[in-house]
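Given next are the chains, with one letter for each unit.
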Amino acid sequence: MPALTVKLPDGSPLELGDGATGADAAAAIGPGLARAALAIRVAGEERDLAAPLTDGEEIEIVTARSEGALDLIRHDAAHVMATAVCELWPGTKVSIGPPIEGGFYYDFEFPEGVSISDADLERIEERMLEHIKADESFERTDIPVDEALERFRGEDQPYKVELIEDLISNEGVETVSLYRNGPFTDLCRGPHAPSTGRIEAVKLSSLAGAYWRGDETRQMLTRIYGTAFFSKKDLKQHLERIELAKANDHRRLGPELGLFTFRDESPGMPFWLPQGTVLLRLVREKVDEQLRKRAYVEVKTPEVMDVDLWHRSGHYENYRENMYFAEPVERDRDEEDRRFALKPMNCPGACLVFDSSRHSYRDLPLRMAEYGHVSRFERAGVLHGLLRVRAFTQDDAHVYCTPEQIEAEVIDICEAIDELYATFGFEDVKLELSTRPEKSIGEDAVWEAAEAALASALAKQDREYQLNPGDGAFYGPKIDFHVTDALGRSWQLGTCQLDFQMPERFDLSYQGADNANHRPVMIHRALLGSMERFIGILIEHHAGRFPDWLAPVQAAILPVADRHLDAARKLLGQLEAAGVRGRVDERAESVGRKIRDAELSKVPYMLIVGDREAESGGGSVRSHDAGDLGEMSAADLAARITSGPEA
RNA sequence: GCCGGAGUAGCUCAGCUGGCAGAGCACCUGUCUUGUAAACAGGAGGUCACGGGUUCGAUCCCCGUCUCCGGCUCCA
């Protein structure tokens, strides 16, 4: 008579003896699975293989092939790393070491006077490999919290003590679990693989400072990043992918392709080069199409405005540390007391525009766009190529509407963003709904209503989103649109923010059908977010090789010899007349050389013009994608290139 | 801002223990007149990020500053 029966994923029952564990279940199914088993999953929750099973449970054996298995051994690897670090630097205080996207990390506080550098990573790695080779088992013990506290206090591990204290006060736990592998024991929820030997390949990647619990007022710990895989081959592939991603980094491609550059004279503020400025214009044209289609008007407001305005808007109180202030050396007598600031946002300017004339309810929703160049002082350490700069152009707009119109407007904005991103080839876009932050203005009830309005607009569209409590703008909640860069880092692009505060502060009103004055609601929205950031992401998304319609130079015309220059220029003239962006390579170089250079500059089409083509008036076309396409006329080529993003 | 790393020609990088600053590519000049990913020769190009210190002597060692890179925090 079996003591317990569990159910397998295919629905079949498995009978096991009394006190059977996950390992026993795996062994009962087959010896191969017993060897491959890492953990079990019961109702979506992972458990140790050594954990006892209960009668009637539905279980699944987790192996290297299971979803989430990499996280499991990466978590194992974090423990092994902590083991090695504590051995190499006795007295090191450990904190937390979770698996993350692509790897794992562990945060340490090294003993007084110890500072480690990249060179130490190799030593740690070697020590880790010894522990992995020794195939030490992970052993779990559950102990009462008092005992755990006493233990970690005795070991002078204050971070562990704090974690346990929080577990007691927040979750009311009475016992905690410890995991031991070799000489190292850690407070850990688990689960872990049976032993360290399951980590086939491990690599430490970098070193970084990280505040304890992400709080910049607290101790800075030393974080070590690494990754682990089930095979050396997987690790090698992973490292190759990272290399490839680095080659696609917009900070490398941008200057290389002549798109933009940065200079020490203005840290964090990009200089757009001729090719990049073409790109900027092309991107903007796509936004313009949306503005036309969705009945926006466009305005332009000053970059420098009186500090008084920023007091009125609340920016001075809530955003001052990010603002630049501008003072003239000399000033007129009657302006002596005036101070000015560079705009960090466009909204106050937009409100002044709204306020400059009377509005009827018939005018609403009033969709007022502005390509606004804003300046924001950002801390030096956060600057990141085009993705985080100190001056950028927003494809901004402010929609003034009635509360009843909010939902339709939010939906319209989301649709505009969808269409625009699809045009540029972005598919993996994540939405986030951010609610009231600590530093903010306005009544609670108003905030709640605004948050509810955004949530309901999202629900109407059946969109998935992540909730980010406390991450809203100081004047209202927002929906953000995120995409990732070449290295997998997520960046916010578009945004849609509700604002009941600004209309109040600027005393904005429209005249209703009832002849009375009413307060409009304001929606701040940016489709691409920042043109700079968007183009940075765009460069990485296309690895610098833009689709035909978006390439700054679409056709490189390559004369074979000097005598073909005239024919080449004539061909360029025809192409330009047909709307193609082209360039003649007039250098006295070989054709092979011109082709090579054109390929490296990622021009989609090359047109070779020699004796034959000079005669016919066309060009022999070589495309990067398809190689030699044979001879084509200027008209055919123009048709091919200018067919647009839908092609 | 904080932790760790880096800064040598336009770019990618050498430069030993402190002893006259180097290469390839790019650039300029000349020759070649080229047919689908690099013709040949010559030339020019440096405040070794910046400021200070140690030293007979500093690209090299020390201190400070700036910028960049990887993170943390923050954010479009």
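As a reminder, the structure under discussion sits directly above these lines.
Asks: Sorry, what's going on with the side chain of Lys-160 here?
Replies: Within the fold, Lys-160 resides in helix α6 (residues 158-171). A distance of 2.7 Å separates a polar atom in the side chain of Lys-160 from the backbone oxygen of Ser-95. When residues no more than four places from it in sequence are discounted, the contact partners of Lys-160 are Val-94, Ser-95, Tyr-106, Phe-152, Asp-186 and Leu-187.

Asks: What should I look at first to understand the sheet that holds strand β5 (residues 59-62) in this one?
Replies: Taken together, the three strands give an open sheet; going across it, the order is β4-β3-β5, and neighbouring strands pair in antiparallel fashion. Only two strands of the sheet have a single neighbouring strand rather than two, namely β4 (45-48) and β5. Strand-to-strand twist of the sheet, defined as the mean angle between neighbouring strand axes without regard to direction, takes the value 35°. Sheet analysis places strand β3 (residues 39-42) next to β4, joined by four bridges and oriented antiparallel. Considered in β4, the bridge of Val-42 is made with Glu-45. Packed onto the sheet, helix α1 (residues 22-29) meets β3 and β5 and runs at close to 85° relative to β5.

Asks: What am I meant to see in helix α18 (residues 591-600) here?
Replies: Working note: α-helix, 3.6 residues per turn, so residues spaced by three or four point in the same direction. Within α18, burial applies to Lys-594, Ile-595, Ala-598 and Glu-599. Down the axis of α18, the buried set is contained in an arc of 135°. They therefore lie on one face. Within α18, the exposed residues directed more than 90 degrees away from the buried face are Arg-596 and Leu-600. Here the buried face of α18 lies against β29 (555-559), β31 (605-609) and β32 (619-623). Of the residues one or two after α18, Lys-602 is the one with positive phi, at around 60°.

Asks: In this structure, what is going on with the protein's contact with RNA strand B? I would like to understand it.
Replies: The immediate surroundings of RNA strand B are formed by 56 residues, with Tyr-211, Arg-251, Gln-492, Ser-590 and Arg-593 found nearest. Atoms of RNA strand B within 4 Å of the protein belong to the sugar or the phosphate in 50% of instances, the rest to bases. Within the contact set of RNA strand B, a base nitrogen lies 3.5 Å away from a side-chain nitrogen or oxygen of Glu-599. Within the residue set of the surface near RNA strand B, elements represented by two or more residues are β12 (201-211), β13 (220-229), β25 (490-499), α18, α19 (611-616) and β32. In terms of residue count, α18 provides more of the surface near RNA strand B than any other element does, seven residues in total. For the surface near RNA strand B, the class distribution of residues is 20 nonpolar, 14 polar and 22 charged.

Asks: Can you help me understand the environment of Leu-163 in this one?
Replies: Residue placement: Leu-163 occurs in helix α6. By relative accessible area, Leu-163 is classed as buried at 16%. Sequence separation between Leu-163 and Ser-95 is 68 residues; the distance between their C-alpha atoms is 8.6 Å. When near neighbours in sequence (up to four residues on either side) are disregarded, Leu-163 contacts Ser-95, Ile-96, Leu-187, Trp-212 and Arg-213.

Asks: Looking at this structure, how should I read the packing of helix α5 (residues 145-154) against α6?
Replies: How two helices sit against one another is set out by the angle between their axes and by the gap between those axes. Look at α5 against α6: their axes get within 9 Å of each other, and the N-to-C directions meet at 160°. Taken as axis vectors, α5 and α6 run roughly antiparallel relative to one another. Every pair of crossing elements has a handedness; the one defined by α5 and α6 is left-handed. From α5, Val-145, Ala-148, Leu-149, Phe-152 and Arg-153 reach across to α6, where they touch Lys-160, Val-161, Ile-164, Glu-165 and Ile-168. Of the residues belonging to the contact of α5 with α6, the class tally is seven nonpolar, no polar and three charged.

Asks: Where do I start with α1 in this structure?
Replies: Within α1 the residues assigned to the buried category are Gly-22, Ala-25 and Ala-26. Seen from one end, α1 has its buried residues packed into an arc of 95°, which puts them on one side.

Asks: Before we go on, may I ask you to explain the environment of Val-560 in this structure?
Replies: Turning to its location among the elements, Val-560 is positioned in the loop between β29 and α17 (565-577). When the C-alpha atoms of Val-560 and Val-609 are compared, they prove to be 5.9 Å apart, with 49 residues separating the residues in sequence.

Asks: Any chance you could explain the pattern of salt bridges here in plain terms?
Replies: When the charged atoms of two side chains lie near each other, side chains of opposite charge can form a pair. Across all of its chains, the model carries 50 salt bridges by this definition. Across the salt bridge formed by Arg-251 and Asp-249, the nearest N and O atoms sit 2.5 Å from each other. Using a relative accessible area of 35% as the deciding quantity, one classes Arg-251 as partly exposed. When its relative accessible area of 8% is taken as the criterion, Asp-249 is described as buried. For Arg-622, the salt bridge is made with Glu-599, and the minimal N-O distance between the two is 3.0 Å. Remark: Glu-599 occurs in helix α18 and Arg-622 occurs in strand β32; sequence separation between them is 23 residues. Judged by its relative accessible area of 31%, Arg-622 is partly exposed. Exposure remark for Glu-599: the relative accessible area of 16% places this residue in the buried category. One network of salt bridges, with partners in common, ties together Glu-162, Asp-166, Arg-213 and Arg-218.

Asks: Can you walk me through the nonpolar core in this structure?
Replies: Among soluble globular proteins, nonpolar side chains are generally buried collectively. Judged by nonpolar contacts, the single largest core of 58 residues is most densely connected at Val-410, Tyr-421, Phe-424, Ile-479 and Phe-534. If we ignore the near neighbours within four places in the chain, the residues touching Phe-534 are Val-283, Tyr-421, Phe-424, Phe-426, Leu-493 and Leu-528. Listed in part, the 36 residues of the second largest apolar core include Ala-69, Val-80, Ala-84 and Phe-230.

Asks: Just to check I follow, could you spell out the sheet that holds strand β19 (residues 340-342) for this structure?
Replies: Across the sheet, which stays open at both edges, the three strands sit in the order β17-β19-β18 with antiparallel pairing between neighbours. Whereas interior strands pair on both sides, the edge strands pair on one side only; in this sheet they are β17 (304-306) and β18 (325-326). One ladder, built from two bridges, connects β18 with β19; its direction is antiparallel. From the neighbouring strand, Phe-325 faces β19, where its bridge partner is Ala-341.

Asks: Got a minute to help me understand the pairing of strand β11 (residues 184-187) in this structure?
Replies: Side-chain direction in a regular strand flips from residue to residue, so the side chains alternate between the two faces of the sheet. Here β11 shows two buried faces, one formed by Phe-184 and Asp-186 and the other by Thr-185 and Leu-187. Bridge analysis of strand β10 (residues 175-181) against β11 gives four bridges, and the strand direction is antiparallel. Counterpart to Arg-180 in the pairing with β11 is Thr-185. In sequence, β10 turns back onto β11 through a hairpin of two residues, with Gly-182 there showing a positive phi of about 55°.

Asks: Please clarify how the packing of helix α9 (residues 274-293) against helix α16 (residues 531-541) should be interpreted in this entry.
Replies: Where α9 contacts α16, the axes come no closer than 11 Å and their chain directions differ by 105°. In terms of axis orientation, α9 runs roughly perpendicular to α16. Along the contact surface, α9 presents Leu-279, Leu-280, Val-283 and Arg-284, while α16 presents Met-531, Phe-534, Ile-535 and Leu-538. Here the residues of the contact of α9 with α16 sort into seven nonpolar, no polar and one charged.

The rules behind these values
- Residues numbered from 1 in each chain as written.
- Chains lettered and ligands numbered in written order.
- Predicted model: local features only at pLDDT ≥ 70, side-chain atom pairs only at ≥ 80, totals over all residues.
- Heavy atoms only, no water.
- Helix = DSSP H or I, 4+ residues; strand = E, 2+ residues; numbered from the N terminus.
- Polar contact = N/O pair within 3.5 Å; in protein donor to acceptor, adjacent residues only side chain to side chain.
- Contact = heavy atoms within 4.5 Å.
- Pairing = 2+ DSSP bridges.
- Axes fitted to C-alpha atoms, helices over the stretch in contact; angles between N-to-C directions.
- Buried < 20%, exposed > 50% of the residue type's maximum accessible area, 1.4 Å probe, protein only.
- Arc of directions from axis to C-beta.
- Near = heavy atom within 4 Å.
- Nonpolar A, V, L, I, M, F, W, Y, C, P; charged D, E, K, R; others polar.
- Parallel < 35°, antiparallel > 145°, perpendicular 65-115°, else oblique.
- Left-handed = near helix turned anticlockwise from the far one by under 90°.
- Salt bridge = Lys/Arg side-chain N within 4 Å of Asp/Glu carboxyl O.
- Core = buried A, V, L, I, M, F, W, Y, C linked by side-chain atoms within 4.5 Å.

By themselves, these observations are geometric and do not establish any function.
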